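Structural overview
Listed here are the chains, written in short residue letters.
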Amino acid sequence: MQRPKWIPRWLNLSFVIFVIFLVWMLVAGDYNFYASHQLQSQINDLKTQIQNVQDSTDYYERKIMEFNTDAETLEKIAREQHGMKKDNEDIYITDIP
């Protein structure tokens, strides 16, 4: 069987199958390029969120250790942020910075 003249010499069945497979992998299927790119983007976002949560966890653990070991810091926070006072004191709150 002779090849028609309009079909190039380099175009054969193996090449056509390879091109179809390549297009299938890039566009269709469960693990195509687009879906893989989206999943990798989600993985990177989640890693960033994990790092942010770990940083804030470390910060609060340091604060807890500071409050547990330093009574002056705990008293300062109680006085300034919660308006607590000792029994023999009077506290005056003003709006002046």
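Residues numbered from 1 in each chain as written. Predicted model: local features only at pLDDT ≥ 70, side-chain atom pairs only at ≥ 80, totals over all residues. Heavy atoms only, no water.

1. Details of the overall build of the protein chain
Counting secondary structure elements, the protein chain contains three helices and zero strands. Here the C-alpha radius of gyration of the protein chain, 34 Å, is well above what a compact globule of 97 residues would show, namely 13 Å. Its C-alpha atoms put the protein chain at 110 × 30 × 20 Å along the principal axes. When the 97 residues of the protein chain are sorted by exposure, 2% land in the buried category. With the model as given, the accessible surface of the protein chain reaches about 9,800 Å², and the carbon-plus-sulfur share is 61%. Counting 10 positive and 14 negative side-chain charges, the protein chain places the averaged centre of each group 23 Å from the other. (Helix = DSSP H or I, 4+ residues; strand = E, 2+ residues; numbered from the N terminus. Rg over C-alpha atoms; globule rule 2.2 N^0.38 Å. Buried < 20%, exposed > 50% of the residue type's maximum accessible area, 1.4 Å probe, protein only. Areas by Shrake-Rupley, 256 points an atom, 1.4 Å probe, with all protein chains shown as cover. Lys, Arg positive; Asp, Glu negative; His and termini not counted. Charge placed at Lys NZ, Arg CZ, Asp CG, Glu CD.)

2. Here we look at helix H2 (residues 33-69)
Under the 1.5 Å per step criterion, the end-to-end length of H2 is 54 Å for 37 residues, consistent within 8% with the ideal 54 Å. If you check the start of H2, you find a side-chain oxygen 3.2 Å away from the backbone N of Tyr34, and it comes from Asn32. (Expected span 1.5 Å × (residues − 1). Polar contact = N/O pair within 3.5 Å; in protein donor to acceptor, adjacent residues only side chain to side chain.)

3. Points about the confidence of the model for the protein chain
Per-residue confidence for the protein chain gives a mean pLDDT of 85, with 99% of residues at or over 70. Here helix H3 (residues 71-82) stands out as the element of the protein chain with the lowest mean pLDDT, 82, in contrast to H2, whose mean of 93 is the highest. (pLDDT = per-residue confidence, 0-100.)

4. Some remarks on the packing of aromatic side chains
The relative placement of two aromatic rings is captured by the distance of their centres and the angle of their planes. In this structure the tally under the stated criterion is one aromatic pair. Centre to centre, the rings of Tyr59 and Tyr60 are 5.1 Å apart; their planes meet at 70 degrees, and the pair counts as edge-to-face. Accessibility expressed as a relative area gives 52% for Tyr60, which makes it exposed. (Phe/Tyr/Trp six-rings, centres within 6.5 Å; stacked < 30°, edge-to-face > 60°.)

5. Notes on the packing of H2 against H3
Relative orientation of the contacting elements H2 and H3 amounts to 105 degrees, with a least axis distance of 5 Å. In this view, H2 runs roughly perpendicular relative to H3, as classed from their interaxial angle. Where H2 approaches H3, its residues Glu66, Phe67 and Thr69 are matched on the opposing element by Ala71, Thr73, Leu74 and Ile77. Considered class by class, the residues forming the contact of H2 with H3 number four nonpolar, two polar and one charged. (Axes fitted to C-alpha atoms, helices over the stretch in contact; angles between N-to-C directions. Parallel < 35°, antiparallel > 145°, perpendicular 65-115°, else oblique. Contact = heavy atoms within 4.5 Å. Nonpolar A, V, L, I, M, F, W, Y, C, P; charged D, E, K, R; others polar.)

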